[in-house]
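Reading the structure
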Amino acid sequence: MTLNAAFIKVFGEVFEPLGFKKIKSRYPYFVRVVPGGEIIHLITVIPDQGIMRNESAFVICGGVATVYRGKIDLTVSPRDLNWLIRNTDVYGKLYSDKNASEMFEKLNRFIYMPDDEYSLTDALDVALGYTKQFLLSVLDKVSTLSECADFYRLFRPMALYIYCDKDWGISHYGGEDNEGLMLLKIYDMNAYESMLREEIERSKEDTLRMMNTGRSLYTQEMIDAEYQTHLDALKKLLAQYDILLNDRERNKEVSDELERRKAVNTETLRSYGLEI
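Presented here is an overview of the structure given in this document. These numbers were taken from a predicted model, which means no experiment stands behind them.

**Notes on helix α7 (residues 189–212)**
- Helix length check: α7 (24 residues) gives 35 Å between terminal C-alpha atoms against 34 Å at 1.5 Å per residue, within 8%.
- Packed against the buried residues of α7 are α6 (145–155) and α8 (220–246).
- Measuring from the backbone nitrogen of Asn190 back to the side-chain oxygen at the start of α7 gives 3.2 Å, which picks out Asp188 as the cap.
- Trailing α7 by a residue or two, Gly214 shows a phi angle of about 80°, which is positive.

Dropping the structure here:
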């Protein structure tokens with residue numbers, strides 16, 4: 001049995017009753033449409049190399065996407081979806097204990113012996129347990145656009161950066177996996193500014209923590225300089241958001257773009273066999 005076939009069997013038995021569906025794709029994607037049709041949850045598997053030459057391995061990944069991003073494309077390999085996260089990402093952000101290195105080793109990849117169906121099934125069973133504990137636990141908490149924004153703030157903050165310089169060319173509102181414009185549907189100016197300030201403070205605290213624990217070569221002077229750079233950028237970001245939110249012409253342009261994306265991505269999801 002191939003890795004993909006075994007993954008579909010083992011994970012399908014648990015995830016399909018939870019609302020996930022194996023979509024029409026050459027790749028093993030399980031997708032769940034959140035009620036309302038604006039958000040999807042995704043779980044998949046990526047082949048990896050084992051530690052020893054005679055071993056095989058795989059990684060379980062998942063993610064959240066909205067119909068307001070530039071493009072949803074699940075005809076490509078999960079290796080090409082840089083918006084996916086792993087169980088290790090969840091553990092690293094939400095859990096911390098003295099056994100962290102041991103747990104990271106367990107979650108980083110799941111090892112099995114090639115051409116051994118029992119070994120593969122056992123590894124998938126172990127991966128399933130950890131995925132329910134970590135990845136699924138965070139996906140289950142994302143059912144609104146605000147919760148989606150919180151998810152990206154924690155795991156993929158750059159996905160919320162709004163690119164809107166038309167001189168950059170055809171994708172002047174960001175790449176295919178950029179979710180920045182979605183913020184205009186949920187954040188007024190005050191909420192947007194609060195979010196940015198919280199991210200700036202969080203970034204500084206994280207860097208300080210790494211410096212104090214010896215995990216970073218940053219000095220206090222470097223941290224202070226970076227902090228000031230972020231504060232200077234904040235002014236530009238707020239001015240840009242104010243235009244997109246309150247300038248009638250630009251706001252209509254953005255609103256039209258969001259509706260266009262929603263229509264295109266919704267049809268794409270339907271083509272995968274999803275009810276939306």
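Structure's up, so let's keep going.
**Details of the layout of surface pockets**
- Considered as a void within the structure, the largest pocket measures approximately 1000 Å³ in volume.
- Around the largest pocket sit 32 residues that line it, and Pro157, Glu199, Arg202, Ser203 and Asp206 are the ones nearest its centre.
- For the lining of the largest pocket, the element with the most residues is α7, which contributes 11 residues.
- A class-by-class count of the residues in the lining of the largest pocket yields 19 nonpolar, 5 polar and 8 charged.

**Brief notes about the packing of aromatic side chains**
- Under the counting rule described, the total for this entry stands at 16 aromatic pairs.
- Taking the centre distance of 5.6 Å and the plane angle of 80° together, the rings of Phe151 and Tyr152 count as edge-to-face. Summarising the burial analysis for this pair, Phe151 and Tyr152 share the class buried.
- Members of the aromatic cluster, each reached through a chain of ring pairs, are Phe58, Tyr91, Tyr95, Phe104, Phe110, Tyr112, Tyr130 and Phe134.
- Above the plane of the ring of Trp83 lies Arg69, whose end atom (NZ or CZ) is 4.4 Å from the centre.
- We note Lys204 situated over the ring of Tyr227; from NZ or CZ to the ring centre the distance is 4.1 Å.

Definitions and cut-offs
Numbering of residues starts from 1 in every chain and runs along the sequence as written. At least 70 in pLDDT is required for a residue's local features to be given in this predicted model, at least 80 for side-chain atom pairs to be given and counted, and no such filter applies to totals for whole chains, interfaces and linings, which use all residues. Hydrogen atoms and water are omitted, and side-chain values are computed over all heavy atoms in the structure. Secondary structure elements are taken from DSSP: a helix is a run of H or I of four residues or more, a strand is a run of E of two residues or more, and numbering for both begins at the N terminus. Helix span, expected: 1.5 Å multiplied by one less than the number of residues in the helix. Any two residues whose heavy atoms approach within 4.5 Å are treated as being in contact. Polar contacts here mean pairs of N or O atoms no more than 3.5 Å apart (in protein, one a potential hydrogen donor and the other a potential acceptor; neighbouring residues in sequence count only if both atoms are side-chain atoms). Cavity: a set of points on a 1 Å grid over the protein atoms alone where a 1.4 Å probe fits but cannot get out. Pocket: an open set with protein on both sides within 12 Å along at least five of seven lines, its lining residues, like those of a cavity, having an atom within 4 Å of a point. Grid points are joined across faces, edges and corners, and a volume is the space filled by probe spheres set on the points. Side-chain classes are defined by residue name, with Ala, Val, Leu, Ile, Met, Phe, Trp, Tyr, Cys and Pro counting as nonpolar, Asp, Glu, Lys and Arg as charged, and the others, Gly among them, as polar. Pairing of aromatic rings covers Phe, Tyr and Trp, the last counted by its six-membered ring, and requires centre-to-centre distances within 6.5 Å; plane angles under 30 degrees mean stacked, over 60 mean edge-to-face, and any other angle means tilted. Throughout this description, buried means an accessible area under 20% of the type-specific maximum (1.4 Å probe, protein chains only), exposed means over 50%, and partly exposed covers the range between. By definition here, charges over rings are those cases where NZ of Lys or CZ of Arg is within 6 Å of the ring centre and within 35 degrees of the ring normal.

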